[in-house]
Amino acid sequence: MKVKFIGERKISIPDSYEIFFDFFPNKEYELVTIEKNGWYRIIDESGEDYLYPPQKFEVIKNEIEFDAAGSVAV
């Protein structure tokens, strides 16, 4: 499944800290898995996979595939 980052790259938490997302706006990224909590596991620009809130992404290619065992792979 392909997703596009639609969120802000930086989020400021008042009186706390800033969160930076390692994504470029409107760039396509491969969704690795959707976790039980609904968050997306995506490989970001660092090359590592992390969990991200789905509200920051738009699904652009929703292709369901099956592996050799018949399990659904995103």
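See the structure shown above.
The structure reproduced in this document is the subject of the present report.

What follows is about the pairing of strand S1 (residues 2-5). Burial of the side chains of S1 is restricted to one face: Val-3 and Phe-5 are buried, whereas none of Lys-2 and Lys-4 on the reverse face is. As paired elements, S1 and strand S4 (residues 28-34) share three bridges and run antiparallel to each other. Bridged to Val-3 within S4 is Tyr-29. Sheet analysis places S1 next to strand S7 (residues 57-61), joined by four bridges and oriented antiparallel. Residue pairing in the sheet places Lys-2 in a bridge with Lys-61 of S7.

Spatially, five strands are ordered S6-S5-S4-S1-S7 in an open sheet, and the strand pairing comes out antiparallel. A single partner strand is all that each edge strand has here, and the edge strands are strand S6 (49-52) and S7. On average, adjacent strands in this sheet sit at an angle of 45 degrees to one another, irrespective of strand direction.

Where charged atoms of side chains with opposite charge meet at close range, the side chains can pair. Using the criterion set out here, one finds five salt bridges in the structure. Salt-bridge contacts for Glu-30 lead to Lys-2; the nearest nitrogen and oxygen are separated by 3.1 Å. Here Glu-30 is found in strand S4, whereas its partner Lys-2 is found in strand S1, with 28 residues between them in sequence. Take Glu-30: its relative accessible area is 37%, and that puts it in the partly exposed class. Here Arg-41 ties to Asp-49 by a salt bridge, and the two come within 2.9 Å at their closest N and O atoms. Residue classification places Arg-41 among the partly exposed residues on the basis of a relative accessible area of 23%. The class of Asp-49 is partly exposed, set by a relative accessible area of 33%.

Reading the values: rules and limits
Residues numbered from 1 in each chain as written. Predicted model: local features only at pLDDT ≥ 70, side-chain atom pairs only at ≥ 80, totals over all residues. Heavy atoms only, no water. Buried < 20%, exposed > 50% of the residue type's maximum accessible area, 1.4 Å probe, protein only. Helix = DSSP H or I, 4+ residues; strand = E, 2+ residues; numbered from the N terminus. Pairing = 2+ DSSP bridges. Axes fitted to C-alpha atoms, helices over the stretch in contact; angles between N-to-C directions. Salt bridge = Lys/Arg side-chain N within 4 Å of Asp/Glu carboxyl O.

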